[in-house]
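# Fold and geometry: a report
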Amino acid sequence: MRNKPIGIFDSGIGGTSIFKEIHELLPNESCIYLADSKNAPYGNRSEEEIIQLSIKNTEYLLNQGCKIIVVACNTATTNAIIYLRKNYDIPFIGIEPAIKPAALKTQTKVVGILATKGTLSSQLFHKTIDLYSKDIKIIEQVGEGIVPLIESGQLDSEAMQMYLETYLEPMLKQDIDYLVLGCTHYPYLIPMLTKMLPAHVKIIDSGRAVAKQTQAVLSQLDVLSNSIENPRIQLFSNGDVSVLKSILDDKFDVSYLDF
Ligand code: DGL
């Protein structure tokens, strides 16, 4: 079991921001990453559709013998992880918008969150908001259009700049001092966001925390890899492989797979 791979999936290439954190923290672990780009974005789909797509990804990873599955997608986590945990006998790690640290640290008492419609409308997200929004104001913004641009390789584009300006404006007017990135595609926007945001506005994303949680669960279950050989890192996309390759700077083995 120890030397079986970690399975990771996302609606597309965004979850590679989580894969990179996991690979950096756990360099001896083999990983299989699935980018379900053919079905991206998940963010505008119904809960039922997101569950069905998450089942499909999970079954593929289980058939590959994965020892744990990381749902590297806020939208899939907030809509499907309860179902997955109930129905599969394997540990799942999920990712949710990091509202808690922002709520605890904000000085202006106003926090912005950028996420997909699917995440912001999920029951799980509403539970978190209810817990942490008592003394602070949380400005929720759907990042409509952002994921398709990233999926089509238009990260650094004028269209992206325009979306971000439109989405940040109301948050800045209301004096946010924390911006929570609630979608695993969005960490790729950090260089652009940093240029656009005033210096006192801090960006929070949960990538590192997810990697640490993965490490903690593998350690608790005593299934951390003890292999001294090079781990096998495989990334698959059912969409345009070149976009996945380029977001990983051509550093990993990426293949097309019709899953
Ligand atoms: N990376 C997914 C997330 O974290 C993107 C969602 C989408 O496909 O719309 O929510």
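As a reminder, the structure under discussion sits directly above these lines.
Anyway, here's the lowdown on the structure attached to this text. (Residues numbered from 1 in each chain as written. Predicted model: local features only at pLDDT ≥ 70, side-chain atom pairs only at ≥ 80, totals over all residues. Heavy atoms only, no water.)

### A word on the packing of aromatic side chains
Across all of its chains, the model carries 5 aromatic pairs by this definition. Ring geometry for Phe 19 and Phe 252: centres 5.0 Å apart, planes at 80 degrees, overall edge-to-face. Separated by 233 residues along the polypeptide, Phe 19 in helix α1 (residues 16-25) and Phe 252 in the loop between α11 (241-247) and β10 (253-256) bring together distant segments of the chain. Ring centres of Tyr 163 and Tyr 167 lie 5.8 Å apart, and the angle between their planes is 15 degrees; on these two criteria the pair is classed as stacked. On the criterion of helical spacing, the pair formed by Tyr 163 and Tyr 167 is a turn pair, its members being 4 residues apart in helix α8 (residues 158-173). Linked through ring pairs, Phe 19, Tyr 33 and Phe 252 together constitute an aromatic cluster. (Phe/Tyr/Trp six-rings, centres within 6.5 Å; stacked < 30°, edge-to-face > 60°. Helix = DSSP H or I, 4+ residues; strand = E, 2+ residues; numbered from the N terminus.)

### Considerations on the pattern of salt bridges
For the structure shown, the criterion picks out 8 salt bridges. Salt-bridge contacts for Arg 208 lead to Glu 21; the nearest nitrogen and oxygen are separated by 3.3 Å. With Arg 208 in helix α10 (residues 207-220) and Glu 21 in helix α1, the pair connects residues that are 187 residues apart, well separated along the chain. Of the charged contacts, one joins Asp 258 and Lys 38 as a salt bridge, the two residues approaching to 3.1 Å between their closest N and O atoms. Taken as a pair, Asp 258 in the segment after β10 and Lys 38 in the loop between β2 (31-35) and α2 (47-63) lie far apart in primary sequence, 220 residues in all. Under the relative-accessibility criterion, Asp 258 is labelled exposed at 54%. Under the relative-accessibility criterion, Lys 38 is labelled partly exposed at 46%. Each of Glu 21, Glu 24 and Arg 208 takes part in one network of salt bridges that share partners. (Salt bridge = Lys/Arg side-chain N within 4 Å of Asp/Glu carboxyl O. Buried < 20%, exposed > 50% of the residue type's maximum accessible area, 1.4 Å probe, protein only.)

### A look at the site of the ligand
The environment of the ligand is formed by 13 residues, the closest being Ser 11, Tyr 42, Gly 43, Thr 75 and Thr 184. Contact distances for the ligand include 2.7 Å between an oxygen atom and a backbone N or O atom of Tyr 42. Side-chain polar atom of Thr 75 to an oxygen atom of the ligand: 2.6 Å apart, as the coordinates give it. Contact with the protein chains covers 99% of the free accessible surface of the ligand, which is 290 Å². Split into classes, the residues belonging to the shell around the ligand amount to 5 nonpolar, 7 polar and 1 charged. (Near = heavy atom within 4 Å. Polar contact = N/O pair within 3.5 Å; in protein donor to acceptor, adjacent residues only side chain to side chain. Areas by Shrake-Rupley, 256 points an atom, 1.4 Å probe, with all protein chains shown as cover. Nonpolar A, V, L, I, M, F, W, Y, C, P; charged D, E, K, R; others polar.)

Function cannot be inferred from these measures alone, as they are strictly geometric.
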